[in-house]
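Summary of structural features
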Amino acid sequence: MRHTPHFLVTDPDEVRRLIRENPWVTIVSSPPGSGIVASHYAFLLDEAASTGDEIVLVGHVGRPDERAHELGQHEVLLIVQGAHGYISPSWYAEGDIIPTWNHVTAHLYGTPEILTDEQNLAALAELTDHFEQHVAEPRGLHLDPEYSRRVALGTVGVRVRVTRFDARAKLSQNKPREVVERIVAELEGDGPYNHPGLAREMRRHHDARDA
């Protein structure tokens, strides 16, 4: 990402929060002779393993993406994208005409570990249960273990222990508080660029900074 020190996020807790709230991850790799490969899958934070400075994600890819990325053989990049949106200069002070795009993004680096078939099945079950817990009549892999096991064979489970990360929270930190409040109000409103999620992220960040 662009070198912007005043937007840096260095706290592992903030990165873990970003992963929890945004589990749709982009996997990017550059295997020798294959060029750049990118895929998109759901990953969960491994809560038990992610203590102290450790950040560990568990997910899966559909076959044959594990071969396309050569998973387990080299480092990959996982991109986690949080709330983001257009910020109009019409929300700024008079005379300010340059727009921007606010965002929260993390680039995570690590070499994936391939899970066994049993570990993969357990991870898929956990992933399903994680999202199904919010619906009225949740369904899970346990309802048909044999069928679930057959379907799971079409996927490859991976665990990624993050060895380094580069994260940014670009949330109008370079603007006066009154302008930030106006931006948040516009994002919470009913205009063409409203984005309540980004407004919440901005409020959270600026309230913590001012505390």
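Residues numbered from 1 in each chain as written. Predicted model: local features only at pLDDT ≥ 70, side-chain atom pairs only at ≥ 80, totals over all residues. Heavy atoms only, no water.

**Re the overall build of the chain**
Where we set the bar: A run of DSSP states H or I qualifies as a helix once it reaches four residues; a run of E qualifies as a strand once it reaches two. Both are numbered from the N-terminal end. Only protein chains enter the area calculation, which uses a 1.4 Å probe; residues under 20% of their type maximum are buried, those over 50% are exposed, and those in between are partly exposed. Residue contacts follow a heavy-atom distance rule, with two residues in contact if any of their heavy atoms lie within 4.5 Å. The method behind every accessible area is Shrake-Rupley, applied with a 1.4 Å probe, and residues are considered shielded solely by the protein chains displayed. Neither His nor the chain ends is counted toward charge; the positive residues are Lys and Arg and the negative residues Asp and Glu. Every charge is mapped onto a representative atom, which is NZ of Lys, CZ of Arg, CG of Asp or CD of Glu.
Helix and strand counts for the chain stand at six helices and nine strands. Along the first, second and third principal axes, the C-alpha set of the chain runs to 65 × 45 × 35 Å. Counting every position in the chain, which comprises 211 residues, the buried fraction comes to 46%. Counting only contacts in the chain whose residues sit at least 6 apart along the sequence, the fraction spanning at least 24 positions is 72%. When the accessible area of the chain is evaluated, it comes to approximately 11,700 Å², of which 53% is carbon and sulfur surface. Between the centroid of the 21 positive side chains of the chain and the centroid of its 32 negative side chains there is a distance of 3 Å.

**Quick word on the pairing of strand β8 (residues 155-161)**
Condition: At least two DSSP bridges between two strands are required for those strands to pair.
In terms of burial, β8 is largely enclosed, as six of its seven residues are buried. In this sheet, β8 lies alongside strand β7 (residues 113-114) in antiparallel orientation, the contact comprising two bridges. Residue pairing across strands places Glu113 opposite Arg159, the latter belonging to β8.

**Considerations on the environment of Tyr193**
Here Tyr193 lies in the loop between α5 (177-188) and α6 (196-210). C-alpha separation for the pair Tyr193 and Ile87, spaced 106 residues apart in sequence, amounts to 7.7 Å. Once you skip the residues sitting within four places of it in the chain, Tyr193 turns out to touch Tyr86, Trp91 and Leu187.

**Some words on the packing of aromatic side chains**
Convention followed: Stacked, tilted and edge-to-face are the three classes assigned to paired rings of Phe, Tyr and Trp, where Trp is represented by its six-membered ring and a pair needs centres within 6.5 Å; plane angles under 30 degrees give stacked, over 60 edge-to-face, the rest tilted. Ring-over charges, as used throughout, are those where CZ of Arg or NZ of Lys falls within 6 Å of the ring centre and within 35 degrees of the ring normal.
Overall, the coordinates contain two aromatic pairs when judged by the stated rule. A centroid spacing of 4.7 Å and a plane angle of 55 degrees characterise the contact between Tyr86 and Tyr193, whose relative ring orientation is tilted. Of this pair, Tyr86 sits in strand β5 (residues 76-87) while Tyr193 sits in the loop between α5 and α6, placing them 107 residues apart in sequence. Tyr193 gets classed as partly exposed once you look at its relative accessible area, which sits at 43%. Of the aromatic side chains, those joined through ring pairs into one cluster are Tyr86, Trp101 and Tyr193. Just above the ring of Tyr109 sits the side chain of Arg164; from NZ or CZ to the centre is 3.9 Å. The ring of Tyr92 carries Lys175 above its face, with NZ or CZ at 4.1 Å from the centroid.

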